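Structural characterization, general
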Amino acid sequence: MPIDATQPYDDQNIFAKILRGEIPSQRVYDDDFAIAFHDINPQAPTHLLVIPKGAYVSWDDFSARAPDAEIAGFIRAVGTVARAAGLVEPGYRLLANIGQDGHQEVPHLHVHVFGGRPLGPMLAR
């Protein structure tokens, strides 16, 4: 169910629990700013999620409130994850859903990294 990205951060969301180690994840990356792990319901041969370690509901929340170093660290983490997965040469897609119309389902900023096959059109019709 899509969430309202204007609501306060909910520290009981699934990604907050993954960050705290309460729920296991198949991590592929971990640094001071972000973690990345395999999506449990992959939509492409490679489907990774990159999340910031800070408590941000959405891209809007993150871009408005995060310190510059945290923003830079998170963006670099997304690039590092894509390179480590071997996705640069064949190509990949990044997706961050925000709010109800964007179909955001978890109230913690996360970027999907898709690759491993041709991905088709940008939006479903």
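Predicted model only: the values in this text are computed from it and were never measured. (Residues numbered from 1 in each chain as written. Predicted model: local features only at pLDDT ≥ 70, side-chain atom pairs only at ≥ 80, totals over all residues. Heavy atoms only, no water.)

Brief notes about unusual backbone geometry
Our working definition: Only DSSP runs of H or I covering at least 4 residues are called helices, and only runs of E covering at least 2 are called strands; the numbering of each starts at the N terminus.
Positive phi, normally seen in glycine, also occurs at H103, with a value near 65°. With respect to the secondary-structure elements, H103 resides in the loop between β4 (92-95) and β5 (111-115).

Describing the sheet that holds strand β2 (residues 34-38)
The pairing of strands in a sheet comes from backbone hydrogen bonds and takes either a parallel or an antiparallel form. In plain terms, the rule: Pairing between strands requires that DSSP locate at least two bridges from one strand to the other. Each axis is a line fitted through C-alpha atoms, taken for helices only over the stretch in contact, and angles between the N-to-C directions span 0 to 180 degrees. Whether two residues touch is decided by their heavy atoms; if any such pair falls within 4.5 Å, the residues are in contact.
Pairing in this open sheet of five strands is antiparallel, and the strands run β1-β2-β3-β5-β4 from one edge to the other. The open sheet is flanked by β1 (27-30) and β4, the only strands paired with a single partner. The average angle at which neighbouring strand axes cross in this sheet is 20°, direction not considered. Pairing geometry for strand β3 (residues 46-52) and β5, over five bridges, is antiparallel. Among the inter-strand pairings, L49 is bridged to a residue of β5, identified as H112. Each of β1, β2, β3, β4 and β5 touches helix α3 (residues 68-84); the most contacted strand, β3, lies at about 160° to it.

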